[in-house]
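Overview (structure and organization)
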Amino acid sequence: TRSLATIAQDSSFQIPLIDFSKFISASSQAEKRRTADEIVSGFKKVGFIYLENHGIPEAVVQNVFRKSDDFFNLPSEVKDTLAWKDPRANRGYVRIGRERVTQSSDPEEIAKLRSKAPDYKESMEIGRDWDTIYKNHWPQESDAPGFKSTITEFFQTCHALHAVVMRAIALGLDLDEKWFDTKIHEQFHNMRLLSYPSIKTDLLGQEGQARAGAHSDYGTLTLLFQDSVGGLEVQHPHTLQFQPATPIPGTIVVNAGDLLARWSNDTLKSTLHRVVAPPVEKLSDTEGVIPARQSIAFFCNPNGGAEIDCIPSCFDVTRGKKYPSVTTEEYIVGRLKATYD
Ligand code: AKG
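Here goes a summary of the coordinates provided. The shown structure was predicted, so the numbers you read here are calculated from the model rather than taken from an experiment.

1. Describing the nonpolar core
- Grouped together as the largest cluster of nonpolar side chains are 63 residues, with contacts concentrated most on Ile-169, Met-191 and Phe-225.
- Among the elements that line this core, the one with the most residues is helix α7 (residues 147-172), at 12 residues.
- When neighbours within four sequence positions are excluded, Ile-169 is seen to be in contact with Ile-39, Val-40, Phe-43, Phe-180, Leu-221, Leu-260 and Leu-268.
- Ile-15, Tyr-196, Leu-232 and Val-275 belong to the second largest nonpolar core, which has 16 residues in total.

2. A short note on the site of the ligand
- Taken together, the residues surrounding the ligand are Arg-192, Leu-194, Tyr-196, His-215, Asp-217, Leu-224, Leu-232, His-273, Val-275, Arg-293, Ser-295 and Phe-299.
- Here His-273 contributes a side-chain N or O atom positioned 3.3 Å from an oxygen atom of the ligand.
- Within the side chain of Ser-295, one N or O atom sits 2.7 Å away from an oxygen atom of the ligand.
- About the coverage of the ligand: the protein hides 98% of its 290 Å² of free accessible area.
- For the ligand, the cavity whose grid points lie within 2 Å of the majority of its atoms is the largest pocket.
- Those elements that provide at least two residues to the shell around the ligand are β5 (190-196), β12 (273-275) and β14 (293-299).
- Taken together, the residues that form the shell around the ligand break down as 6 nonpolar, 3 polar and 3 charged.

3. A short note on the pairing of strand β4 (residues 122-126)
- Burial runs high along β4: 5 of the 5 residues are buried.
- Residue alternation in β4 divides its side chains into two sets, Glu-122, Met-124 and Ile-126 and Ser-123 and Glu-125, and both sets are buried.
- Both strand β3 (residues 92-94) and β4 contribute to a ladder of 3 bridges, which runs antiparallel. Bridge assignment links Val-94 to a residue of β4, and that residue is Ser-123.
- Across 5 bridges, the pairing between β4 and β5 is antiparallel. Opposite Ile-126, over in β5, you have Met-191 as the bridge partner.

Definitions and limits used
- Residues numbered from 1 in each chain as written.
- Predicted model: local features only at pLDDT ≥ 70, side-chain atom pairs only at ≥ 80, totals over all residues.
- Heavy atoms only, no water.
- Core = buried A, V, L, I, M, F, W, Y, C linked by side-chain atoms within 4.5 Å.
- Buried < 20%, exposed > 50% of the residue type's maximum accessible area, 1.4 Å probe, protein only.
- Helix = DSSP H or I, 4+ residues; strand = E, 2+ residues; numbered from the N terminus.
- Contact = heavy atoms within 4.5 Å.
- Near = heavy atom within 4 Å.
- Polar contact = N/O pair within 3.5 Å; in protein donor to acceptor, adjacent residues only side chain to side chain.
- Areas by Shrake-Rupley, 256 points an atom, 1.4 Å probe, with all protein chains shown as cover.
- 1 Å grid on protein atoms, 1.4 Å probe; cavity = no way out; pocket = protein on both sides within 12 Å on 5 of 7 lines; lining within 4 Å.
- Sits in = over half its atoms within 2 Å of the grid points.
- Nonpolar A, V, L, I, M, F, W, Y, C, P; charged D, E, K, R; others polar.
- Pairing = 2+ DSSP bridges.

That is the geometry; function is a separate question.
Given below as structure tokens:
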């Protein structure tokens, strides 16, 4: 058996930094395959990767952050008119205290957690804008100039990048590169703009209070854009220690969600993560206050009606299928229902 100290420094549990240009514009099929293998290996071991040279210009990301900040600076009365209402739509503004992400699926336990220690954050949830049933809750153009156009464009940009990462995953799992294409093209995704207000240092960390409690994501992939404040942490599955996913400028943090883990027979890992106070070194001159933090999470899902049945290369006679087939919609809506009040 390995000693705890050895496990704590487990060097295989490092979030790999992937140069995605070596997939997008690979100089050879071998380089492309090598990059796909690195990506799949990151999802197998850690469940998280950093992507650099992903093709989304930094100026685009910074502009989305600015528009997001402008939105959260609107008066509460305005934001409250755009409130999130139900898990099927999963759209709208979620004020501080309405959500507590957790692994629990017991409604009573979740309600208790939520009233005692809700996540200290507010968010704006956005779905595909052309959905015929569910409508996004946009602010008036005069209240938030350029917000809608910037966000809808960024939604498309993220969808396109996710489709390419799914191609890399297909290749790395020995499937045809286009295996996922027709199962993920309906943009059944959710973009979440997040704002974590500044908070007194001694308030965060008490009785399970966090910016976002430990949880895994529900869908296939999450593309996470974070500012430089820090605080995102990823849990080692064996030691249960949380390790920082330190912000690296220009990169996107990408993690696998529960539905991709299930689809892949747990070949790919959906790892618990949380958002807490940044490491103490970063707080030395902030006088007892943790600075505000902004992030954008793009939660990717397969098509709503897609049957999520074990990927062919992830089971065989010795490794049976662990889960029955489920549709994306059944799965995601069920998970969302449990998290909100
Ligand atoms: C979530 O909203 O599910 C997150 O994990 C957010 C992570 C972050 O803000 O860095």
